[in-house]
Amino acid sequence: MKTGFALCVAAMMAAFPALAERRFALIVGDAKGGVGTRPLRYAERDARRIHSILVRLGGVRPEDARLLTGASADEVLAALASLKAPIAAAKANGEETVLIVYYSGHAKDGELRLGDTLLPMTELRDLLKDAPADVRIGLIDSCQSGAIVRAKGVRTAPAFDVQKAQAAATRPRGLVLIASSSADEESQESDELSASFFTHYLASGLLGDADASGDGKVTLAEAYAYAYARTVGETAETRAGAQHPVYLYDLGGAGDVVLTDLSPRGVLLFPASDEGVYVVLDNSRRAVAEVAKARGGSRRIALARGDYTVKKRDGDGLLIGSFTVDEQPVEVADNRLVRRPLSDDPQKGVTGPRYSLRLSGGGQFFFDSAARNGLFPPAALAGLETAARDDLGHSLAWGLDLSLGGGSATLRLPGVAPIDERFFEVSGGASLWRDFDLTDTFTASVGARVAFIYLARSFPDRSELQNQNFFTFTPGLQAMLSWQFSNRFSALVRGRLNYLFYNVDGAQNLGYAEFAAGVEYAF
Amino acid sequence: MRSSALFLFVALCACGNLSNEDVAFLEAIPQKEALQVQVPNSALTAQPSCALGPAAFFQSAKQTGDDINQGVSGLLELVDTIRAQPPTARDTDSRTWGPFPDQSHPGFQTQVQMVRQVDATGTPWRWDYSISEAPPGGAFLAVVEGTFFGAQAKSGTGRITLHFERSVQLGIAKATDPKFPMRIFYDLGDDPRTISLDLTEGEGFGVPSFDYSYEGFLDGHGQFAFAVAGGNGCTTEVTTQFTAAGAGKDSFHVRCGPFVSAEAHQCWDANACLSFIDDPLAATAACNGVKPCLLGNAASCPGL
């Protein structure tokens, strides 16, 4: 049914004389959604993927594309407004114009959440509706994004109803809105895909897997039908439940809009003789496309030049192959893939963690005054830490740290002249904590840490006294407040309370605090 | 159960020798340098061209002092062994080092034990220690026993008994060591610091009997007195005072029974050359047996 529809639209498209066309795009990705939301992991990557596809395959000139990440509502509106003039100029030149607006980010209660700013969906819809382009396409990938089409009525259907359009005698004109989920559904991200489900399948479709007609062009109808089917199918078993993309279709004229043209590009060609679900991974082993095909039809996936890995689940193993995409088509046949055990999954370990590196400086202070006397004097510490978030689930993060420190102190014993000492300390540990977003930029963290501590001291003025040292493990609790002041950098302050069991001069239970300030860089 | 296991894990992993108390114990053991007799080196550099001859008594006193220092060091250097490693056993008021091999005497084992007493404020006031040696397969014998009063040996009062008779028994004594105990009393808390050696039970360090007291001042000058019992029934009591530069004066008092007594005086310069002799019995070589013997200038004697 879908294939027939697509062929019909394609035939109508072919009947039209070729007209000059110019396309404009505004692509917005925003991981932050303000108070009460957790940062999205892949919203900005999704935006970059769509931007890349539209510029490479979608006929959008680089200068006509606006890619915004971490922008405010006003900045989005300004970027949209900035496209009005060139669109009007293109129309004045007699060119057909298409405006594509893509958004990936948070949304709730009918509003897109761009950091701490809000953009009502109705406002965006009205702006699109009133934009000067002949065809306006809105692609909204966010929770409850179906609200944007609610006013016009929504159908959770896999294909457009374009019967009226087919009867018309003019090229398509009007507004199409596609939302990743209905008005009461969450839009889900997938660590395995390193993307939101909807955008991943939309992107896969645009790269060629949605080309049901096999004409080397992916139309809006094909892309939607593909993204709808794959999104619903792949989210059916998730904890949040099935996610249903929806659309609003208000196109006059006839035919469909071709979103991507695959023909002149380097492609991976999946032959008709094979079937199954193929995942295409880029150099960083992240999924860039999927191909789900039945035997009998071939698929072309248009990719940028580069090296790719293709994997396919095959029973209790995997078929894996490496391919280089250049100008010529590269066939990906099953007999060119090598069978591997599931443990060799090239995606294994790729998805999930977000790593960051911290540099910190601070001090250490034992609560017991006797312990501070020479044994564990107040010390300055400088440390290097790694942190991994979204790796363990349950909003837990973990990290490893190593600190060096030391200083000078005076040992005071009853009746003995003060003895000067120098001490050196190495401390390292593993932490487990949970982050709590206080605002868009401030995050509090609470967790636990198990560390080792090694201390050594010498008595520089007393050569007859030998150096001393001590090693033990110290469990503790930690709390941290961080402020993200740029995309990758955050400033942080942290406090720790630790327990230390000391047993040389008798068994003693000691407590000490560590304070540090530092900078975190997110990879 | 789990918390016990965690505690055990943490306890097992707590290791090292970081200890203030260990430092306190070591501070109570005197260093051998602190108990050495400091006689100026001028005694060894006397010129052969001395007009009145060299200060022979002073020179012999220097040699005796060096022998004593060597003997004391021989036993107290065992302390250096324990300074090099942490105690084997720790208790609230005691420490034990060893047994471990005595590097200076192959096959021997050394063990050091210290016990302290603290007052009501927790301040240590008395320390008792012993250094024991054991021959291969044999029992430990205490070769050094000491008691120290105070908290820091370099500024306190104490006594040490060097059991040379036991080191002889063990076969680790030097040839010049006495064969009987030598007792050392010291007070290092004042200026002058004083060290007394009681070696009166028999011959040792090349002298037949020896009772020695030493006072050393911070500026380097000092004095020592000793009595030597001769084989002829006479006892010579010598009091020597010296400057930091090495000049000094002696007083000799010879007693031979209840009726015979004589005194002599000598002074010498920083080169250990005699500058004045007042020797009624002409025992000094420069007198050539002429009695009474009065040579040199009394004004040359240092004002000590």
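What you are looking at is a predicted structure, and each value in this text was computed from that prediction instead of being measured. (Residues numbered from 1 in each chain as written. Chains lettered and ligands numbered in written order. Predicted model: local features only at pLDDT ≥ 70, side-chain atom pairs only at ≥ 80, totals over all residues.)

### As for the overall build of chain A
When you go through chain A residue by residue, the secondary structure sums to 10 helices and 29 strands. Burial statistics for chain A: of 523 residues in total, 46% are counted as buried. For chain A, contacts bridging at least 24 residues in sequence account for 68% of all contacts bridging at least 6. (Helix = DSSP H or I, 4+ residues; strand = E, 2+ residues; numbered from the N terminus. Buried ≥ 20, exposed ≤ 12 C-beta atoms within 10 Å, placed from the backbone. Contact = placed C-beta atoms within 7 Å.)

### Re the interface of chain A and chain B
Listed by partner, the interface residues are 27 residues for chain A and 25 residues for chain B. In terms of residue count, the dominant contributor to the side of chain A that touches chain B is strand β27 (residues 468–484) of chain A (six residues). The residue makeup of the side of chain A that touches chain B, split by class, is 15 nonpolar, nine polar and three charged. Judged from the two bridges that link them, β27 of chain A and strand β1 (residues 15–16) of chain B form a sheet pairing that is antiparallel. Across the sheet, residue F471 of chain A finds its bridge partner in β1 of chain B, namely C15 of chain B. (Nonpolar A, V, L, I, M, F, W, Y, C, P; charged D, E, K, R; others polar. Pairing = 2+ DSSP bridges.)

### Description of the sheet that holds strand β1 (residues 21–29) of chain A
Residues and elements named next belong to chain A. Taken together, six strands build an open sheet; the order of strands is β2-β1-β3-β7-β8-β12 and the sheet is mixed. This sheet does not close on itself; its edge strands, each paired only once, are β2 (60–69) and β12 (246–252). On average, each strand axis in the sheet is tilted by 10° relative to the strand beside it, whichever way the strands run. Relative to β2, β1 runs parallel, the two sharing six bridges. In the strand pairing of β2, G29 is matched with T69. (Axes fitted to C-alpha atoms, helices over the stretch in contact; angles between N-to-C directions.)

### Observations concerning the environment of G59 of chain A
Residue and element names in this part refer to chain A. You can see G59 is positioned in the loop between α2 (43–56) and β2. A count of 18 C-beta atoms within 10 Å places G59 in the partly exposed class. With 35 residues separating them in the primary sequence, G59 and F24 have C-alpha atoms 8.8 Å apart. In contact with G59, other than residues within four places in its own chain, are E21, R23 and D261.

### Regarding the packing of helix α8 (residues 197–209) of chain A against helix α9 (residues 220–235) of chain A
All names here are of chain A. Where α8 contacts α9, the axes come no closer than 8 Å and their chain directions differ by 140°. In terms of orientation, α8 and α9 fall into the oblique class. Relative to α9, α8 is oriented so that their crossing is right-handed. Residues F197, F198, Y201, L202, G205, L206 and D209 of α8 form the contact with α9, whose participating residues are E222, A223, Y226, A227, R230, T231, E234 and T235. Of the residues contributing to the contact of α8 with α9, the split by class is eight nonpolar, three polar and four charged. (Parallel < 35°, antiparallel > 145°, perpendicular 65-115°, else oblique. Left-handed = near helix turned anticlockwise from the far one by under 90°.)

### Here we look at the pairing of strand β24 (residues 396–411) of chain A
All names here are of chain A. Alignment of strand β23 (residues 379–389) against β24, held across nine bridges, turns out to be antiparallel. Considered in β24, the bridge of A380 is made with G406. Note: β24 against strand β25 (residues 419–437), 16 bridges, orientation antiparallel. For G406, the partnering residue across the bridge sits in β25 and is F424.

### Some details on the nonpolar core
In terms of nonpolar packing, the biggest core is built from 103 residues, with V176, L206, A223 and V280 of chain A touching the most fellow members. Here this core takes eight residues from α9 of chain A, the largest share from any one element. Setting aside residues no more than four positions away along its own chain, L206 of chain A makes contact with I53, L57, V218, A223, L259 and T260 of chain A. Membership of the second largest hydrophobic core comes to 74 residues, among which are A451 of chain A together with L26, I68 and V238 of chain B. (Core = buried A, V, L, I, M, F, W, Y, C linked by C-beta atoms within 7 Å.)

### Thoughts on the packing of α2 of chain A against α8 of chain A
Residues and elements named next belong to chain A. Contact pair α2 / α8: the axes reach a minimum separation of 10 Å and the direction vectors enclose 15°. Between α2 and α8, the crossing angle belongs to the class labelled roughly parallel. Read as a crossing pair, α2 and α8 show a hand that is left-handed. Here D46, R49, I50 and I53 of α2 come into contact with α8, specifically with T199, A203, L206 and L207. Here the contact of α2 with α8 is composed, by residue class, of five nonpolar, one polar and two charged.

### Some details on α2 of chain A
Residues and elements named next belong to chain A. Between its first and last C-alpha atoms α2 spans 20 Å; for 14 residues at 1.5 Å apiece the expected length is 20 Å, and the two agree. The buried count for α2 comes to 10 of 14 residues, which makes it a mostly enclosed element. All of the buried residues in α2 are A43, E44, R45, D46, A47, R49, I50, H51, I53 and L54. (Expected span 1.5 Å × (residues − 1).)

### Quick notes on the confidence of the model for chain B
Predicted confidence across chain B gives a mean pLDDT of 82, with 88% of residues reaching 70 or more. Both confidence scores are given for the complex: pTM 0.56, ipTM 0.72. (pLDDT = per-residue confidence, 0-100.)

### A look at unusual backbone geometry
Peptide bonds are, in most cases, trans, and in most cases residues other than glycine have a negative phi. Residues G98 of chain B and P99 of chain B are joined by a peptide bond in cis, for which omega reads 5°. Residue P192 of chain B is bonded to the preceding D191 of chain B through a cis peptide linkage, with omega at 10°. Within the secondary structure layout, P192 of chain B lies in the loop between β8 (182–187) and β9 (193–199). Positive phi is not limited to glycine here, since S194 of chain A has a value of about 55°. Looking at where S194 of chain A falls in the secondary structure, it is placed in the loop between β9 (189–190) and β10 (195–196).

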